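Remarks on the overall topology
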Amino acid sequence: MAMICRSFLLFLLISLFVLYGTAEIRFTEIRSDANPIIPLDQFGFTHTGRLELNVSQIDLSIKNDNLDLAKVGFFLSTLDAWMHVVQQIAEGKISCALESDLVKLVSDFKAAKGKSSFDVVFQVNNADQYTLVFANCLNDVKVSMAVRSTMYNLEGRDGHRDYLSAGKTILPRVYFLLSLVYFSLAGIWIYVLYKKRLTVFRIHFFMLGVVVLKAFNLIFEAEDKSYIKRTGSAHGWDVLFYIFSFLKGIMLFTLIVLIGTGWSFLKPFLQDKEKKVLMIVIPLQVVANIAQVVIDETSPFGEDRITWKQVFLLVDVICCCAVLFPIVWSIKNLREAARTDGKAAVNLMKLTLFRQYYIVVICYIYFTRVVVYALETITSYKYFWTSVLAGELATLAFYVFTGYKFKPEAHNPYFAIDDEEEEAAAEQLKLEDEFEL
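A few points on the structure. (Residues numbered from 1 in each chain as written. Predicted model: local features only at pLDDT ≥ 70, side-chain atom pairs only at ≥ 80, totals over all residues. Heavy atoms only, no water.)

**As for the sheet that holds strand E2 (residues 37-45)**
- The strand order E2-E7-E4-E5 describes an open sheet built from four strands, whose pairing is antiparallel. Either end of the sheet is taken by a strand with one partner, and the two such strands are E2 and strand E5 (104-108). Along the sheet, successive strands turn relative to each other by an average axial angle of 20 degrees, direction set aside.
- Pairing analysis gives four bridges linking strand E4 (residues 72-77) to E5, with the strands arranged antiparallel. From the neighbouring strand, Phe75 faces E5, where its bridge partner is Leu105. (Pairing = 2+ DSSP bridges. Helix = DSSP H or I, 4+ residues; strand = E, 2+ residues; numbered from the N terminus. Axes fitted to C-alpha atoms, helices over the stretch in contact; angles between N-to-C directions.)

Below you can see the structure in the form of structure tokens.
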């Protein structure tokens, strides 16, 4: 517990310095950059989309009245359109992306009229997912500027602004409804613990804590997305979301490790190697959560985002692999005990339980890490919420399975077995041994 507290304080301290993004209202500073193409942000527009662009502190490394400022500016492009633009440039049909009729020209630097700033409001009438891109087609000219981009869709009869990208606008309701489900599960679990209080172990209270943290995590995420939807900024709700996301992540991985070791309901202590797993998983979860904060709070095309995305994936894979070791150790120990202590059926039932849990943990990790990512990649931007819902439903199913399999019982089914089951289990174990030989 002391390690969790120290890890939490470290995460909180670092994340407060990292939180500099402002949701769907982006601030980008470009300093002495000569790159011909700089992608800034991405957004899913409806047919009533708007882009507000505020450019200030413009400074060019070469100040020459003969510079063609029409070759420096901003445009919107879909992924398909951009592939064709690249082909046009390669074939020599155009020399600058701003010249292509396949992109939507937002503004070039002529709009500044010699000033160091300019503002543009651009209407998007064709629904699609667009990337805001800055193009500099002047050779050897470095550009410095500050860019504030605000993207939104107009919704309803009153034309109110929706700052969430199309496909994400339904997320506040999804998260809120799921939080109600988890609060209901917490209430049901409290009732079960009260009714079965004579057979409750410490692990059952730990499971309650995980469910409650998950419920609060979802309710804060719903508020976070709701404020972004209405105002373009989280107004501090993102801090609460990240705090509870961190606590939930550490508690969930710790719970999987504790259940895998059989702590509390099979043995009242942890072995040294099991403690080492926790000492590895908890600090790695701190790193993973910091990486997630950086990923969420930076532009989709930021340099730091790519690095932290790789860090997050590496750390997440290590954590997912680490939590499987205690389950494997328990399966091995139970298998050896089934052959030596004369209680084949009892240990075989425990063995079956841990085998099932091992398979479910692997399926949960695979689905939430691989399948959900695949859904995000292949589904249209308009249905982004379906990948989020799929991941959350998989998590809910995992929570329900864990609670059902390890719920407190008056007569623990893993210890109380009749004679016929004892004989059948012993015979099954004997056949397995003969098959292996």
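Picking up where we left off.
**Concerning the packing of aromatic side chains**
- Applying the stated rule across the entire model yields 17 aromatic pairs.
- Each residue in the set Phe74, Phe109, Phe118 and Phe134 is aromatic and connected to the rest through ring pairs, giving one cluster.
- Arg230 extends its terminal NZ or CZ atom over the ring of Tyr227, reaching a point 4.6 Å from the ring centre.
- The ring of Tyr404 carries the charged tip of Lys407 above its face, separated from the ring centre by 3.9 Å. (Phe/Tyr/Trp six-rings, centres within 6.5 Å; stacked < 30°, edge-to-face > 60°. Lys NZ or Arg CZ within 6 Å of the ring centre and 35° of its normal.)

**Things to note about the nonpolar core**
- Counting 61 residues, the largest nonpolar core has Ile256, Tyr357, Val361 and Phe398 as the members making the most contacts within it.
- Where this core is concerned, the elements lending two or more residues are helix H3 (171-195), helix H4 (202-231), helix H5 (237-261), helix H6 (272-297), helix H7 (303-322), helix H8 (324-340), helix H9 (344-378) and helix H10 (384-405).
- Among residues more than four places away in sequence, those in contact with Tyr357 are Ile256, Ile259, Ile327, Phe398, Phe401, Thr402 and Phe406.
- Listed in part, the 29 residues of the second largest apolar core include Ile30, Ala112, Phe122 and Val143. (Core = buried A, V, L, I, M, F, W, Y, C linked by side-chain atoms within 4.5 Å. Buried < 20%, exposed > 50% of the residue type's maximum accessible area, 1.4 Å probe, protein only. Contact = heavy atoms within 4.5 Å.)

**Let's talk about H3**
- Under the 1.5 Å per step criterion, the end-to-end length of H3 is 36 Å for 25 residues, consistent within 8% with the ideal 36 Å.
- Every buried residue of H3 is accounted for by Leu171, Pro172, Val174, Tyr175, Leu178, Ser179, Tyr182, Ala186, Trp189 and Leu193.
- The secondary structure elements touched by the buried residues of H3 are H4 and H10. (Expected span 1.5 Å × (residues − 1).)

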